[in-house]
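# Overview (structure and organization)
The chain contents come next:
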Amino acid sequence: TVEDSGGAPPSHRAVRVPPGVTVFDSASWNGIAIDSTCGGHGTCHKCKVRVEGSTPISRHDVRTFSREQLDDGWRLACLLQATRDLQVAVPPLTTRPKAATVGVGRQVILRPAVQKRYVELDEPSLTDQRSDLQRLLDAIDDLEPRPDLHALRRLPTVLRQADHKVTAVVVDEALVDVEPGDTTDQRYAIAFDLGTTTVVATLLDLALGTPVAVASMLNRQQPFGGDVITRISATMMDPDALPRLQRAAADTLVELAAQVCKEGEVDPAQVYEVAVAGNATMTALVLGIDPEPLGMAPFVMVAAQPPSVLASEIGLELHPRARALFFPALGAYVGGDIVAGMLATGMDRDKRTRLFVDVGTNCEIVLSDGERILATAAPAGPAFEGGAIKCGMRAAEGAIEVVRLGGADDPVQLGVIGDVEPMGLCGSGLVDAVAELVRVGLLDASGRFVPDEQAPIVAPALADRLTRIGEERVFVLHRPHPEAGPEESVVLSQRDVRELQFAKAAISTGWTLLLEELGLEHRDVQQVLMAGSFGSYISPASAVRIGLVPTLPVLRIVSAGNVAGEGAKMALLSIRERAGAAALLEEVTYVELSDRTDFNDRFVEQLSF
Ligand code: FES
């Protein structure tokens, strides 16, 4: 519930986040601003929210709130983790922030490329015949912008209509517009996470550094195929496919921009900049660039850093001179989305040894020891997105996302998105199901279901769930009714386990080789960041159990959320951070795995659980 200081009724929003994420981050990721000057580190005591029901009290809460307030549910949002459904009331902002908290606890000092300056100019006279432009530039001489034709066309009329009281709009050191009166508070930008599957847009208030609205939808390129390879193939087989894919990407961005502007009650003409974080293929397609060289060895991009273009050139109807900014890419399969993610997680700023894993069809892996940063990509296949899995589905309503086996009263406990009848198994449910079957002993280390006669010995309460469909052995996770046979039920099959084994072996081979490259071992890793719309939802314990991540205490495994979108926000809020993203091109070494002779041996070693 977001309360409004202007007396408007509170707005109500339901959001879904990975378990264990703080209320502060949950709000930030979903476009809800909470007061803070410390960036979620528990020191400013400003992030006050009121929570329904009983929740843990931290020692900082005790210092901040009175007994009555604590009883009333007041807590500091950055110290409260969401581990179950919570109802949270968020008060309106009380301070005008100079910094914003973005990404994984990153504090960003506000210095957007979009600047506005309100000026009251002297009227021209016969003794002061300076040009309109000079008059304006003299008043904003600290910004030293270069004039743009659009601004010049508007200048004479706007100056005279507004009695020479105008706001100059400067974007990336170009004077792009003059607006009548004082519009300095109306400065917006949109951060896009242009994913292959899902696209997310966040409308940002650049004056406050806060998100105003967030919207997401499936990428309209879906009919061309679920992953980047099928979309690249589409362009190779049909000459019309590239313009159609470009249009589909543009339509997606246009629809999301319209949605966030409507929800945030912002005039699209006051959106002056957008940032787009996408993988190399998505970036090529939205720019109308032939992606074919990305799809075949030696995997070459047209440019590591695409130029910034007008937002109108990628189909967006915002301010006519709004710029669209793209992130640089490290390689064909470690794209701008991952560079944005590195920015959001501060991979280049932290002295700790950290591993960043963005799990998906293509899995990107980054390892930093505080000095050197290595990045690679591992082809994990479609298992995590529900592809090639018997009862696989995307993480949508009806998908089993949590599996716990062997409870005393209820031997199979399922967490289902939307709390509805289970319809299938999404990626995190798949990881959980396999990890739990390994834990209870129904799957052996090689990934085979144990023989029928052994099942009642190792897991008596679950043995009747281990059955067959035809020749194939399956484990029944959910029966729609008590008499349902395995064909009508949600099951995990032996082949599904194999698919997951291949996917996890590709990923663990990737980070194993990176660790070796830096001369490190599992235990040297101080933090694992699980990123992306899928990776963020994997249970850390299950990820460790199946060997998807190094063997570490689960507290060192952090769900990082949609870091590509967060990086895009950072680039819009600060030109310094934007420069940081460009610098990553120099700082990170890209490691190509596909030509390594040791890859196959390692891969085989990594197959077991
Ligand atoms: Fe500063 Fe929570 S954000 S204490």
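Treat the numbers as computed from the prediction; the structure is a model and nothing was measured. (Residues numbered from 1 in each chain as written. Predicted model: local features only at pLDDT ≥ 70, side-chain atom pairs only at ≥ 80, totals over all residues.)

### Things to note about the domain arrangement of the protein chain
Spelled out, the test is: Domain start and end points were adopted from an automatic or database domain assignment. Contact between two residues is assigned when their C-beta atoms, built from the backbone, lie within 7 Å. Put simply, DSSP H or I for four residues or longer makes a helix, DSSP E for two residues or longer makes a strand, and each gets a number counted from the N terminus.
Under the domain assignment used here, the protein chain contains domain 1 (1-95), domain 2 (114-180), domain 3 (188-326), domain 4 (348-382 + 500-605) and domain 5 (392-490). Between the C-alpha centres of domain 4 and domain 5 there is a distance of 29 Å. Taken together, the contact between domain 4 and domain 5 spans 11 residues of the former and 12 residues of the latter. Sorting elements by how many residues they give to the side of domain 4 that touches domain 5 places helix H14 (residues 540-546) first, with 4 residues.

### Some remarks on the sheet that holds strand E20 (residues 412-416)
Where we set the bar: If DSSP finds at least two bridges between two strands, the strands pair. Here, axes are lines fitted to C-alpha atoms. For helices the fit covers the stretch in contact, and angles between N-to-C directions go from 0 to 180 degrees.
Taken in spatial order, the 3 strands of this open sheet run E20-E19-E21, and their pairing is mixed. Every interior strand has two partners, whereas the edge strands, E20 and strand E21 (424-425), have only one. In the sheet, strand E19 (residues 399-405) pairs with E21 via 2 bridges, with the strands oriented parallel. Across the sheet, the residue bridging to Ala 399 is Gly 424, located in E21. In this fold helix H10 (residues 427-440) packs onto E19 and E21, with an angle of close to 15° to the strand it touches most, E19.

### Overview of the nonpolar core
Note the cut-off: Put simply, a nonpolar core is a cluster of buried Ala, Val, Leu, Ile, Met, Phe, Trp, Tyr and Cys residues tied together by C-beta atoms within 7 Å. Put plainly, a residue is buried at 20 or more neighbouring C-beta atoms within 10 Å of its own, exposed at 12 or fewer, and partly exposed in between, counting only other residues' C-beta atoms, which are placed from the backbone.
Ranked by internal contacts, the top residues of the largest apolar core, which has 164 residues, are Phe 192, Val 357, Leu 425, Val 434 and Met 530. With 10 residues, helix H12 (residues 494-517) is the single largest residue contributor to this core. For Val 434, the residues in contact, after removing those within four places along its chain, are Leu 443, Val 497, Leu 500 and Ile 546.

### Concerning the sheet that holds strand E27 (residues 588-590)
Within the open sheet, the 6 strands sit side by side as E26-E25-E16-E17-E18-E27. Their pairing is mixed. The open sheet is flanked by strand E26 (557-561) and E27, the only strands paired with a single partner. Sheet twist, expressed as the average angle between the axes of neighbouring strands with direction ignored, equals 20°. Direction of pairing for strand E25 (residues 527-531) relative to E26: parallel, over a ladder of 4 bridges. Each bridged residue has a counterpart across the sheet, and for Ala 531 the counterpart in E26 is Gly 561.

### Considerations on the environment of Asp 148
You can see Asp 148 is positioned in the loop between strand E7 (146-147) and helix H5 (149-161). Looking at Asp 148, the number of C-beta atoms within 10 Å reads 17, which means it is partly exposed. Through-space distance from the C-alpha of Asp 148 to that of Arg 321 is 8.9 Å; in sequence the pair is 173 residues apart. Other than its neighbours up to four places away in sequence, Asp 148 contacts Ala 174, Leu 175, Val 176 and Arg 321.

### Describing the environment of Gly 20
Structurally, Gly 20 is set in the segment before helix H1 (23-29). Looking at Gly 20, the number of C-beta atoms within 10 Å reads 15, which means it is partly exposed. Here the alpha-carbon distance between Gly 20 and Val 588, two residues 568 residues apart in the chain, equals 30 Å. Discounting residues that sit within four places of it in the chain, Gly 20 has contacts with Gln 81, Thr 83 and Ser 559.

### So, the packing of helix H9 (residues 336-345) against helix H16 (residues 575-587)
Applied cut-off: Relative orientations are named as follows: roughly parallel for angles under 35 degrees, roughly antiparallel for angles over 145 degrees, roughly perpendicular for angles from 65 to 115 degrees, and oblique for any other angle. Two helices cross in a left-handed way if the nearer one is turned anticlockwise from the farther one by less than a right angle. They cross in a right-handed way if the turn is clockwise. Amino acids outside the nonpolar list (Ala, Val, Leu, Ile, Met, Phe, Trp, Tyr, Cys, Pro) and the charged list (Asp, Glu, Lys, Arg) are all regarded as polar, and Gly is one of them.
Running from N to C, H9 and H16 cross one another at 120°; their axes reach a closest spacing of 10 Å. In terms of their interaxial angle, H9 and H16 are classed as oblique. In the packing of H9 onto H16, the handedness of the crossing is right-handed. Between H9 and H16, the residues in contact are Val 339, Ala 340, Met 342 and Leu 343 and Glu 577, Gly 580, Ala 581 and Leu 584, respectively. Of the residues in the contact of H9 with H16, the class split is 6 nonpolar, 1 polar and 1 charged.

### With respect to H5
Note the following rule: Expected helix span is given by 1.5 Å per residue-to-residue step, counting one fewer step than there are residues. Two axes enter the definition of the bend at a residue: one is fitted to the seven residues ending there, the other to the seven starting there, and the bend is the angle between them.
Here H5 spans 19 Å end to end across 13 residues, near enough to the 18 Å set by a 1.5 Å rise per residue. Within H5, the axis deviates most sharply at Leu 155, by approximately 45°, and proline Pro 156 lies no more than four positions further along. Of the residues making up H5, those classed as buried are Ala 151, Leu 155 and Leu 159. On the buried face of H5, the contacting elements are helix H4 (132-139), E7, strand E8 (165-171) and strand E9 (174-180).

### Comments concerning unusual backbone geometry
Cis geometry marks the peptide bond from Ala 297 to Pro 298, where omega comes out at 5°. In the Ramachandran plot, Asp 172 falls in the positive-phi region, its phi being about 50° despite a non-glycine side chain. Counting through the fold element by element, Asp 172 comes out in the loop between E8 and E9. Given 18 C-beta atoms within 10 Å, Asp 172 falls into the partly exposed group. A positive phi angle, near 50°, is found at Glu 265, a position not held by glycine. The topology assignment puts Glu 265 in the loop between helix H7 (241-264) and strand E13 (271-278). On the basis of neighbour counts, which here come to 8 C-beta atoms within 10 Å, the residue Glu 265 falls in the exposed class.

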